[in-house]
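# Remarks on the overall topology
Listed below are the residues making up each chain.
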Amino acid sequence: MGPLAAMLSGIVMSDIGVIIARLKRNSALWAMVMVFLLTAYIFGMTAAAIYLSSLYTPLQATLILAGSFLAVGILLIAVMAMMNARDRRLAAEKRRNSKTQTSLAVATALTIFRKRPLAAAGAAVAVGTVLGLMRKSGRKRQ
């Protein structure tokens with residue numbers, strides 16, 4: 001078992017080394033991309049302010065830019081609130097379904113237990129297995 005474990009640990013360590021090297025390279029490249037995008041954004045805002053200053057007064061141009069960014073920010077907040085509300089609604093529905101399934105399983109088990117105690121033990125194991133499999137498959141979808 002010793003040589004096999006050494007070989008497997010060597011494979012895992014080489015894979016981790018490759019993954020870490022790729023992550024370092026990608027993070028450095030993304031940092032450079034972000035610097036260039038931020039610079040482009042700053043120059044774009046400066047150009048927009050200069051252009052608007054040729055049409056309006058500098059104060060009006062600044063207020064127009066500020067107002068447009070405020071509107072976009074408020075719109076993004078509204079979109080996030082709607083998405084969070086949808087997520088809460090879906091989570092509540094999932095909890096209700098789970099509670100309904102559990103209640104149904106308990107009611108079925110109690111009914112069987114009153115009539116056939118030995119069958120109740122088998123049913124409890126089966127219901128627990130089914131509920132466990134259903135919950136695990138629900139987690140994979142998320």
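Residues numbered from 1 in each chain as written. Predicted model: local features only at pLDDT ≥ 70, side-chain atom pairs only at ≥ 80, totals over all residues. Heavy atoms only, no water.

Helices and strands together make up the secondary structure of the protein, namely three helices and zero strands. Here the protein holds 142 residues, and the buried ones make up 6% of them. Split by element, the accessible area of the protein, about 11,900 Å² in all, is 74% carbon and sulfur. (Helix = DSSP H or I, 4+ residues; strand = E, 2+ residues; numbered from the N terminus. Buried < 20%, exposed > 50% of the residue type's maximum accessible area, 1.4 Å probe, protein only. Areas by Shrake-Rupley, 256 points an atom, 1.4 Å probe, with all protein chains shown as cover.)

Here the focus is the packing of aromatic side chains. Two descriptors summarise a pair of aromatic rings, namely the distance from one centre to the other and the angle between the planes of the rings. Under the counting rule described, the total for this entry stands at one aromatic pair. Both rings, one in Tyr41 and one in Phe69, keep their centres 6.3 Å apart while their planes meet at 70°; by these two values the pair is edge-to-face. Here Phe69 lies in helix α2 (residues 58-115) and Tyr41 lies in helix α1 (residues 2-55), a separation of 28 residues in the sequence. A relative accessible area of 43% means that Tyr41 is categorised as partly exposed. (Phe/Tyr/Trp six-rings, centres within 6.5 Å; stacked < 30°, edge-to-face > 60°.)

On to the confidence of the model for the protein. Per-chain confidence: the protein averages 82 in pLDDT, with 81% of residues scoring 70 or above. For the protein, per-element mean pLDDT is lowest for helix α3 (residues 117-141), which scores 68, and highest for α2, which scores 87. (pLDDT = per-residue confidence, 0-100.)

Let us look at the pattern of salt bridges. Oppositely charged side chains can pair when the atoms bearing their charge come close. Counting across every chain of the model gives one salt bridge. For Arg86, the salt bridge goes to Asp87, with nearest N and O atoms at 3.7 Å. (Salt bridge = Lys/Arg side-chain N within 4 Å of Asp/Glu carboxyl O.)

For the rest of this paragraph, the subject is a nonpolar patch on the surface. A cluster of nonpolar residues, Trp30, Val33, Met34 and Leu37, forms a patch on the protein surface that exposes about 440 Å² of accessible area. Turning to its location among the elements, Trp30 is positioned in helix α1. (Patch = residues over 30% accessible without salt bridge, like charges linked within 9 Å, V, L, I, M, F, W, Y side chains within 5 Å.)

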